Amino acid sequence: MLALSGCGAPAGAAEEKDTAATAASGTGTKVKTQVRTPTVTVTPADGTRKAGFAAPVVVSVADGTLSSVEVSGNDGSTLAGSFDDDRTRWISSRNPYSGTKYTVTAKATGGVEHIATFVTKSPGRTFAGYFTPEANSTSGVGMPVSINFTEAVKDRAAVEKAITVTAEPAVEVVGHWFGNTRLDFRPARYWAAGTKITLSLRLKDVEGADGVYGVQSKDVTFRIGRRQVSTVDLARKTMTVERDGTTLATYPVSGGAPDHTTWSGIMVISERFEQTRMQSSTVGLGDEYDIADVPHAQRLTTSGTFIHGNYWAAPSVFGSSNTSHGCVGLRDTKGAGDSSVPGYRFYESSMLGDVVVVENSGERTVEASNGLNGWNMSWADWQAGSAL
């Protein structure tokens, strides 16, 4: 038994620590063990000139562990990421941007540092989203966030997921697609007065259609002003303007004649002109009219419905007859300079995003897509138009 116990190494025997360390074998034969230098690998590979941008950056190490990884782009951006449990692999939390040069600095066991660079390719086709309202603007309580895309969107879910609209005070905001080039956002009811709204676009490198990628990554904010809702009753031929729960004014108006009835429903002011030219040929009415200087015109629909001043009709028309080609008219003067007339006063009291509700016009409700008029849809129908 004493002989058997003598097969092991003597107690306290030292082990060599350098690259040719020795260890006793069970038969007394000495075996050399190689200590390897950590090897770091970066994907995309160092020196790649047209790297893809549809996959994350990956850093891995063999024969060691990773102590740190930094990835920075020449556009000033950085890529955050996370290690696996063994710290032998690091993956970026998002994909690199297209058309960007990246530098990867990875440190491994024993102070080994590995630096790699690569350049991602640029997309062949791109798209952008033009949004309403403008950044840093103030709008009425009916203003949706409306985004029109420069290319038709095939993957609506991917694009909608890359866009968020948040409100302070908080309220649920949902997107609704009108066709494949327009996406609007709104809450269930009008915005609260004073709301701050933030639009976050993270469209850069999102593939909206086959081979077509977004270009925007930005945040914009705008605010909602006071609450003003005007109700046009074309049976009574009056318009009542309410602001923050108080009646501000009541004006006599003239709406669409029986053969050119005005759209009914909830409409939002989307454009404003102190004076503008109106031609019947632009709305499919031939050469019935061409007025070069219509005063105080505010657009309600894309198809050509305005609420505007009218200086060419007799004053007795307003409040008594519906005689227009579909617009809502208020008494005004030529030149748009008389501050005493209803057309001027209503224009001065209004802003983009204000709500105008038309009742008793004899016409059906305007389509939600005809202007910024999504409020004519129920909340359930609005939500059903989301791709998420």
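To start, this report covers the structure provided alongside it.

Thresholds applied
Residues numbered from 1 in each chain as written. Predicted model: local features only at pLDDT ≥ 70, side-chain atom pairs only at ≥ 80, totals over all residues. Heavy atoms only, no water. Pairing = 2+ DSSP bridges. Helix = DSSP H or I, 4+ residues; strand = E, 2+ residues; numbered from the N terminus. Phe/Tyr/Trp six-rings, centres within 6.5 Å; stacked < 30°, edge-to-face > 60°. Buried < 20%, exposed > 50% of the residue type's maximum accessible area, 1.4 Å probe, protein only. Axes fitted to C-alpha atoms, helices over the stretch in contact; angles between N-to-C directions. 1 Å grid on protein atoms, 1.4 Å probe; cavity = no way out; pocket = protein on both sides within 12 Å on 5 of 7 lines; lining within 4 Å. Points joined across faces, edges and corners; volume = space filled by probe spheres on them. Nonpolar A, V, L, I, M, F, W, Y, C, P; charged D, E, K, R; others polar.

As a further point, take the pairing of strand β28 (residues 328–331). Note that strand β23 (residues 246–254) and β28 share two bridges and pair antiparallel. Bridge assignment links Ser 254 to a residue of β28, and that residue is Gly 329. Note that strand β27 (residues 306–310) and β28 share four bridges and pair parallel. Note on β28: the bridge partner recorded for Asn 310 is Arg 331.

What follows concerns the packing of aromatic side chains. As enumerated under the stated definition, the model contains eight aromatic pairs in all. Ring centres 6.0 Å apart and planes at 75 degrees place the aromatic pair Phe 127 and Phe 149 in the edge-to-face group. Remark: Phe 149 occurs in strand β13 (residues 145–149) and Phe 127 occurs in strand β10 (residues 125–127); sequence separation between them is 22 residues. For the pair Phe 127 and Phe 149, one class covers both residues: buried. Arranged with centres 5.0 Å apart and planes meeting at 85 degrees, the rings of Tyr 311 and Trp 312 form a pair that is edge-to-face.

Adjacent strands of a sheet form backbone hydrogen bonds with each other and so pair up, either parallel or antiparallel. Reading across from one edge, β11-β13-β16-β15 is the order of the four strands in this open sheet, with antiparallel pairing throughout. Both outer strands of the open sheet, β11 (129–132) and β15 (174–178), are each paired with one neighbouring strand and no more. Direction aside, neighbouring strands of the sheet carry axes that sit 20 degrees apart on average. Sheet topology places β11 next to β13; four bridges connect them, and they run antiparallel. The partner of Phe 131 across the bridge, within β13, is Ile 147.

Let us look at the layout of surface pockets. Estimates place the volume of the largest pocket at around 450 Å³. Every residue lining the largest pocket is counted, 22 residues in all, and those nearest its centre are Val 283, Tyr 289, Ser 303, Gly 304 and Thr 305. Per-element accounting of the lining of the largest pocket gives the leading share, five residues, to strand β25 (residues 271–279). Of the residues belonging to the lining of the largest pocket, the class tally is eight nonpolar, 11 polar and three charged. The calculated volume of the second largest pocket comes to roughly 310 Å³. Every residue lining the second largest pocket is counted, 16 residues in all, and those nearest its centre are Asn 95, Arg 202, Lys 204, Asp 205 and Val 206. Among the residues forming the lining of the second largest pocket, the class breakdown is seven nonpolar, three polar and six charged.

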